[in-house]
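This is what each chain is made of:
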Amino acid sequence: VQLQASGGGLVQAGDSLRLSCAASGRTFSVYTMGWFRQAPGKERDFVASISRSGSNPRYTDSVKGRFTISRDNAKNTIYLQMNMLKPEDTAVYYCAGDRSPIQRLSSVPRAYDYWGQGTLVTVSS
């Protein structure tokens, strides 16, 4: 499967953005999906993950209450709605797919088999 992330941009603190990740192939619905981010000079960090059905989303603590992950299996797309953005949210955001039959909703990058190319989000203060 190929993943294509989009929706990044330059915004001010407090603004909102919605990222999208479109997947190719007809097996999208069998993958658990996740969003990660990587700031300059830092490791790739977990942001959120979502089960095949779209239930049981999982978030890193720093985005809880501000970010929402969702998916539309009919459109082979996942989303990350980001509200109340902060300068510390500045990073390249990556979507990822986990093909494991076990829905791990993992926060570890190596658990994911497929990665999008990333989309840059810059939040100015």
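This report concerns the structure included in the present document. From a predicted model like this one, the values you see are computed outputs, not experimental measurements. (Residues numbered from 1 in each chain as written. Predicted model: local features only at pLDDT ≥ 70, side-chain atom pairs only at ≥ 80, totals over all residues. Heavy atoms only, no water.)

So, the environment of Arg18
So, step 1. Looking at where Arg18 falls in the secondary structure, it is placed in strand β3 (residues 17-23).
So, step 2. Owing to a relative accessible area of 47%, Arg18 belongs among the partly exposed residues under this scheme.
So, step 3. The spacing of Arg18 and Ser70 is 52 residues in sequence and 11 Å in space, taken between C-alpha atoms.
So, step 4. Setting aside residues no more than four positions away along its own chain, Arg18 makes contact with Ser6, Gly7, Tyr79, Leu80 and Gln81. (Helix = DSSP H or I, 4+ residues; strand = E, 2+ residues; numbered from the N terminus. Buried < 20%, exposed > 50% of the residue type's maximum accessible area, 1.4 Å probe, protein only. Contact = heavy atoms within 4.5 Å.)

Things to note about the pairing of β3
So, step 1. Counted residue by residue, β3 has 5 buried out of 7 residues, so it is predominantly covered.
So, step 2. Where strand β1 (residues 3-6) meets β3, 4 bridges bridge the pair, whose relative direction is antiparallel. Residue pairing for β3: Leu3 is matched across the bridge by Ala23.
So, step 3. As paired strands, β3 and strand β8 (residues 77-82) are joined by 6 bridges and run antiparallel to one another. Bridge pairing in β8 places Cys21 opposite Ile78. (Pairing = 2+ DSSP bridges.)

Observations regarding the pairing of strand β11 (residues 119-124)
So, step 1. What you see with β11 is a clean split: Thr119, Val121 and Val123 sit on the buried side and Leu120, Thr122 and Ser124 on the side with no burial.
So, step 2. As paired elements, strand β2 (residues 9-12) and β11 share 4 bridges and run parallel to each other. Bridging across to β11, Gln12 finds its partner in Ser124.
So, step 3. Inspection of the sheet shows strand β9 (residues 91-98) paired to β11 by 3 bridges, in the antiparallel sense. Bridge pairing in β11 links Ala91 to Val121.

Quick notes on the state of the cysteines
So, step 1. Applying the stated rule across the entire model yields 1 disulfide.
So, step 2. Two residues share a disulfide in this structure: Cys21 and Cys95, whose sulfurs sit 2.1 Å from each other. The sign of the S-S torsion, about 65°, decides the handedness of the disulfide formed by Cys21 and Cys95: right-handed. Residue Cys21 is found in strand β3, and its partner Cys95 is found in strand β9; the two are separated by 74 residues along the sequence. (Disulfide = S-S within 2.5 Å.)

A few points about the side chain of Asp98
So, step 1. Topologically, Asp98 is positioned in strand β9.
So, step 2. Within polar-contact distance, the side chain of Asp98 engages the backbone nitrogen of Ser100 at 2.9 Å.
So, step 3. Residues within four places of Asp98 in sequence aside, it is in contact with Val30, Tyr31, Thr32, Arg104, Ala111, Tyr112 and Asp113. (Polar contact = N/O pair within 3.5 Å; in protein donor to acceptor, adjacent residues only side chain to side chain.)

Quick look at unusual backbone geometry
So, step 1. The phi dihedral of Asn76 is positive, around 55°, even though this residue is not glycine.
So, step 2. Within the secondary structure layout, Asn76 lies in the loop between β7 (67-72) and β8.
So, step 3. Relative accessible area serves as the criterion here: at 18%, Asn76 is assigned to the buried category.
So, step 4. Not every positive phi belongs to a glycine, and Leu105 is a case in point at roughly 50°.
So, step 5. Tracing the chain through its elements places Leu105 in the loop between β9 and β10 (114-115).
So, step 6. Exposure remark for Leu105: the relative accessible area of 14% places this residue in the buried category.

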